[in-house]
Amino acid sequence: MKTSLSIPKSSYNLVKKTSETLDIREPLREVRDGYLISLNIGTPPQIIQVYMDTGSDLTWVPCGNLSFDCIDCDDYKNHKLMSSFSPSFSSSSYRDFCASPSCINIHSSDNPFDQCNIAGCSLSSQLKGTCSRPCPSFAYTYGEGIVLGTLTRDTLRVHGISSNPNSIREVPKFVFGCVGTTYREPIGIVGFGKGPLSLPSQLGFLQKGFSHCFLPFKFANNPNISSPLVVGDQAISSKENFQFTPLLKSPMYPNFYYIGLEALTVGNAATTQVPLTLREFDSLGNGGMLIDPGTTYTHLPEPFYSNLLTALRSSINYPRAEEIEARTGFDLCYRLPCPINNINGVVTDGFPTITFHFLSNVSLVLPNGNNFYAMGAPRNSTVVKCLLFQSMEDSEAGPAGIFGNFQ
């Protein structure tokens, strides 16, 4: 969607569109299982915190303080609804129309008449282009979650990168989902995939780039520390201290981001070649390694994953915490000495390093904190740490592995 700036209004401290303000910068706040970004939507503005997700396109927000319903969310009690959007309180909000490309996309239809037919438009009005009925309600699915809502347009405000740190760029008619009911999805999401509904696509940044830092986990849930999300040319303008591996394009899932994993090294052992499926696609588009900050842990296929566990077990001398493994579902948990119950005093030299070798001769040595993580506070001068990797579900379709945000 082509975007433009509105005439500056004193209440929003807008600046004119220049080359300095093409890029945007927003703070991301780390929580235990992802990164939150604050969306500024509506007139007057309403601030809604949502997850950033590169594994999906749709941006959606909970709608209605009292009416929003999250089904089967007992496992997400820590994710209390932080904020919701009220379209009736925004003078610039309106339902998207059934004939819009966004409506056709959200319903995954190849027929532009389908949605307006469902909305009750006559064929005559559709042929004349005079049907103005709203886009029908949609259902959007994730790995385990489902959201139901209506496609909505409103003004989005983002922070531009310029000499004025308070510069605001207005994006009118931004398309997003106004969601009233979800299954296991308690917080909204801003989609950063490559599809036409994603935020980078709507803002015209898809061919430029975006970047953000992955903070140490000790900063999770700390409201005073954030990571800058940079969208635009400046996202990859500096080449110092960076390594670059190519993104692979899946013919089955063209809107996802894939990278190619060539090998993996545990400690000082010999480098292990990984299955070809982690860097190549088959004729149907299955395979590749999905890189997805919206997935918590890295997932590897069998039997390669079991071989990794064997290599780790032979390299670690700490006692296993098998009862924690049974309770949490993690595959390797160990008890580490923790003098005076101070988590900062834990020595993790007994854990081997894990190095990922990606295409274009890129090697990423993960800090130990990105491999093994404390499952709770120390007790009796001991702390339990578990491996933050999991086995990929056995499926012939889709990606062969996932590189998650803990890594």
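An account of the accompanying structure is given in this report. (Residues numbered from 1 in each chain as written. Predicted model: local features only at pLDDT ≥ 70, side-chain atom pairs only at ≥ 80, totals over all residues. Heavy atoms only, no water.)

In terms of burial, strand β19 (residues 354–358) is a largely internal element, five of the five residues being buried. With burial as the criterion, each face of β19 is covered, one bearing I354, F356 and F358 and the other bearing T355 and H357. The sheet contact formed by strand β14 (residues 261–266) and β19 spans five bridges and is antiparallel. Bridge pairing in β19 links L264 to F356. Alignment of β19 against strand β20 (residues 362–366), held across five bridges, turns out to be antiparallel. Note on β20: the bridge partner recorded for F358 is V362. (Buried < 20%, exposed > 50% of the residue type's maximum accessible area, 1.4 Å probe, protein only. Helix = DSSP H or I, 4+ residues; strand = E, 2+ residues; numbered from the N terminus. Pairing = 2+ DSSP bridges.)

Okay, the environment of D96 next. Structurally, D96 is set in the loop between β6 (94–95) and α1 (101–106). Remark: the alpha-carbon pair of D96 and S132, spanning 36 residues in sequence, is separated by 9.2 Å. A distance of 2.6 Å separates the side chain of D96 from the side chain of S100, its partner in a polar contact. Reaching out from D96, the side chain makes a polar contact with the side chain of R153 at a distance of 2.7 Å. (Polar contact = N/O pair within 3.5 Å; in protein donor to acceptor, adjacent residues only side chain to side chain.)

We now examine empty space enclosed by the protein. Enumeration over the complete set of coordinates arrives at one cavity of 30 Å³ or more. In this model, the largest cavity occupies a volume close to 70 Å³. Lining the largest cavity are 13 residues, with E26, I37, L39, V158 and L199 positioned closest to its centre. Every element with two or more residues in the lining of the largest cavity is listed here: β1 (24–31), β2 (34–41), β8 (146–159) and β12 (227–231). Sort the elements by how many residues they give to the lining of the largest cavity and β2 lands first, with four residues. Classifying every residue of the lining of the largest cavity by side-chain character gives nine nonpolar, two polar and two charged. (1 Å grid on protein atoms, 1.4 Å probe; cavity = no way out; pocket = protein on both sides within 12 Å on 5 of 7 lines; lining within 4 Å. Points joined across faces, edges and corners; volume = space filled by probe spheres on them. Nonpolar A, V, L, I, M, F, W, Y, C, P; charged D, E, K, R; others polar.)

Reading across from one edge, β18-β22-β21 is the order of the three strands in this open sheet, with antiparallel pairing throughout. This sheet does not close on itself; its edge strands, each paired only once, are β18 (333–337) and β21 (372–374). This sheet shows a mean twist of 35° between the axes of neighbouring strands, independent of strand direction. Both β21 and strand β22 (residues 382–387) contribute to a ladder of three bridges, which runs antiparallel. Residue pairing in the sheet places Y373 in a bridge with C386 of β22. (Axes fitted to C-alpha atoms, helices over the stretch in contact; angles between N-to-C directions.)

This part is about helix α5 (residues 304–315). Over its twelve residues, α5 extends 17 Å from the first C-alpha to the last, a length consistent with the 16 Å expected when each residue adds 1.5 Å. The complete set of buried residues in α5 reads F304, Y305, L308, L309 and L312. Across the axial projection of α5, the buried residues extend over an arc of 145°, all falling on one side. (Expected span 1.5 Å × (residues − 1). Arc of directions from axis to C-beta.)

Now for a nonpolar patch on the surface. Together, F113, L123 and L127 make up an exposed nonpolar region whose accessible area comes to about 320 Å². Position of L127 relative to the elements: it lies in helix α3 (residues 123–128). Exposure remark for L127: the relative accessible area of 61% places this residue in the exposed category. (Patch = residues over 30% accessible without salt bridge, like charges linked within 9 Å, V, L, I, M, F, W, Y side chains within 5 Å. Areas by Shrake-Rupley, 256 points an atom, 1.4 Å probe, with all protein chains shown as cover. Salt bridge = Lys/Arg side-chain N within 4 Å of Asp/Glu carboxyl O.)

Here the focus is the side chain of H357. Here H357 lies in strand β19. Every residue in contact with H357, bar those within four places of it in the chain, is listed here: G260, L261, E262, A263, L264, T265, T271, V362 and S363. (Contact = heavy atoms within 4.5 Å.)

All right, on to the layout of surface pockets then. Each pocket or cavity is described by its volume, and for the second largest pocket that value is around 300 Å³. Taken together, 13 residues make up the lining of the second largest pocket; nearest its centre are D57, N105, S108, Y140 and N255. Counting residues per element, the ones that place at least two in the lining of the second largest pocket are α1 and β7 (138–141). The residue inventory of the lining of the second largest pocket, partitioned by class, reads six nonpolar, six polar and one charged.

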